[in-house]
Amino acid sequence: MSEPDPRPPVLDEVARLDDVTTLSALKERVRAFCDERDWDRFHGAKDLAIGLVTEASEVLEHFRFQSEEDIAAILGPNGRKAEVEAELADALFFILRFAGRYDIDLARAFERKLERNAAKYPVDSARGSNRKYNRAPLR
Ligand SMILES: [Mg+2]
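Residues numbered from 1 in each chain as written. Predicted model: local features only at pLDDT ≥ 70, side-chain atom pairs only at ≥ 80, totals over all residues.

A. Here's a closer look at the overall build of the chain. When helices and strands are tallied, the chain shows six helices and zero strands. When the elements of the chain are put in sequence order from the N terminus, they spell out α-α-α-α-α-α. Across its three principal directions, the C-alpha atoms of the chain cover 65 × 40 × 35 Å. Out of the 139 residues belonging to the chain, those deemed buried represent 8%. Once local pairs closer than 6 in sequence are excluded, the contacts in the chain between residues at least 24 apart make up 59%. (Helix = DSSP H or I, 4+ residues; strand = E, 2+ residues; numbered from the N terminus. Buried ≥ 20, exposed ≤ 12 C-beta atoms within 10 Å, placed from the backbone. Contact = placed C-beta atoms within 7 Å.)

B. View of helix α1 (residues 23–36). With 14 residues, α1 should cover 20 Å at 1.5 Å per step; its first-to-last C-alpha distance of 20 Å lies within 8% of that length. If you check which residues of α1 are buried, you get Leu-26, Lys-27 and Val-30. For α1, the angular spread of the buried residues around the axis is 100 degrees, confining them to a single face. Turned more than 90 degrees away from the buried face of α1, the exposed residues are Asp-35 and Glu-36. (Expected span 1.5 Å × (residues − 1). Arc of directions from axis to C-beta.)

C. Summary view of unusual backbone geometry. The phi angle at Asp-38 is positive, at roughly 55 degrees, despite the residue not being glycine. Structurally, the position occupied by Asp-38 is in the loop between α1 and α2 (45–61). Here the phi dihedral of Phe-65 falls at roughly 65 degrees; this positive angle occurs in a residue that is not glycine. With respect to the helices, strands and loops of the structure, Phe-65 is situated in the loop between α2 and α3 (68–74). Look at Phe-65 and you get exposed, because 6 C-beta atoms sit within 10 Å.

D. Structural view of the packing of α2 against helix α4 (residues 81–101). Close contact between α2 and α4 brings their axes to 8 Å; oriented N to C, the two are set at 165 degrees. Between α2 and α4, the interaxial angle falls into the category roughly antiparallel. Both α2 and α4 take part in a crossing whose hand is left-handed. Contacts from Ala-45, Leu-48, Gly-51, Leu-52, Glu-55, Ala-56, Glu-58 and Val-59 in α2 reach Val-84, Glu-87, Leu-88, Asp-90, Ala-91, Phe-94, Ile-95, Arg-97, Phe-98 and Arg-101 in α4. Split into classes, the residues belonging to the contact of α2 with α4 amount to eleven nonpolar, one polar and six charged. (Axes fitted to C-alpha atoms, helices over the stretch in contact; angles between N-to-C directions. Parallel < 35°, antiparallel > 145°, perpendicular 65-115°, else oblique. Left-handed = near helix turned anticlockwise from the far one by under 90°. Nonpolar A, V, L, I, M, F, W, Y, C, P; charged D, E, K, R; others polar.)

E. Spatial organisation of the nonpolar core. Membership of the largest hydrophobic core is limited to seven residues, which are Leu-26, Val-30, Leu-48, Phe-94, Ile-95, Leu-96 and Phe-98. Mapped onto this core, the elements with two or more residues apiece are α1 and α4. The element best represented in this core is α4, accounting for four residues. If we ignore the near neighbours within four places in the chain, the residues touching Phe-94 are Leu-48, Gly-51, Leu-52 and Glu-55. (Core = buried A, V, L, I, M, F, W, Y, C linked by C-beta atoms within 7 Å.)

Right under this line is the structure:
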C-alpha cells in the first residue's frame, strides 16, 4: 500500500494554500523530500540551525541598504517579491525539517510562545510601542 499524498488535493484550485495546508502536511512533505535524497545524515540540529540562519540572512539581503521607499518597490508588483518569498520558503523548510527531525510540535510551541509574549507585552503597555519588554523607556 502506498503512502497517502500529503499535498493538498486542490493545489491548483485554491487561491491561498495557507488556508488549506497544515503544518503536519508540510513537515511530511519535507520529510519525504529529504528521505528520497537520503539527507538525514546531513540534517543534525547544528546544521539545520545553520541552514535556518543562512536562509534568514538571504531574506535580509534583499533589504540591506534599501530605503523604505526601495523596500516598498521590492515588494510591489514590479519588484522581486517572488525572490523574497523563495527565501522565506527556504527558511520555513529548515524550521519544518528541524521540527520534524526533533519531534517538535510547532503549533504548540508557537501557542506557548505567543502566550509568554502576551504576558511580556500586555496590550495596555505595549500597544503602539516597539520597546523591548525588559527595557525602560529612554525618556
Ligand atoms: Mg535561499
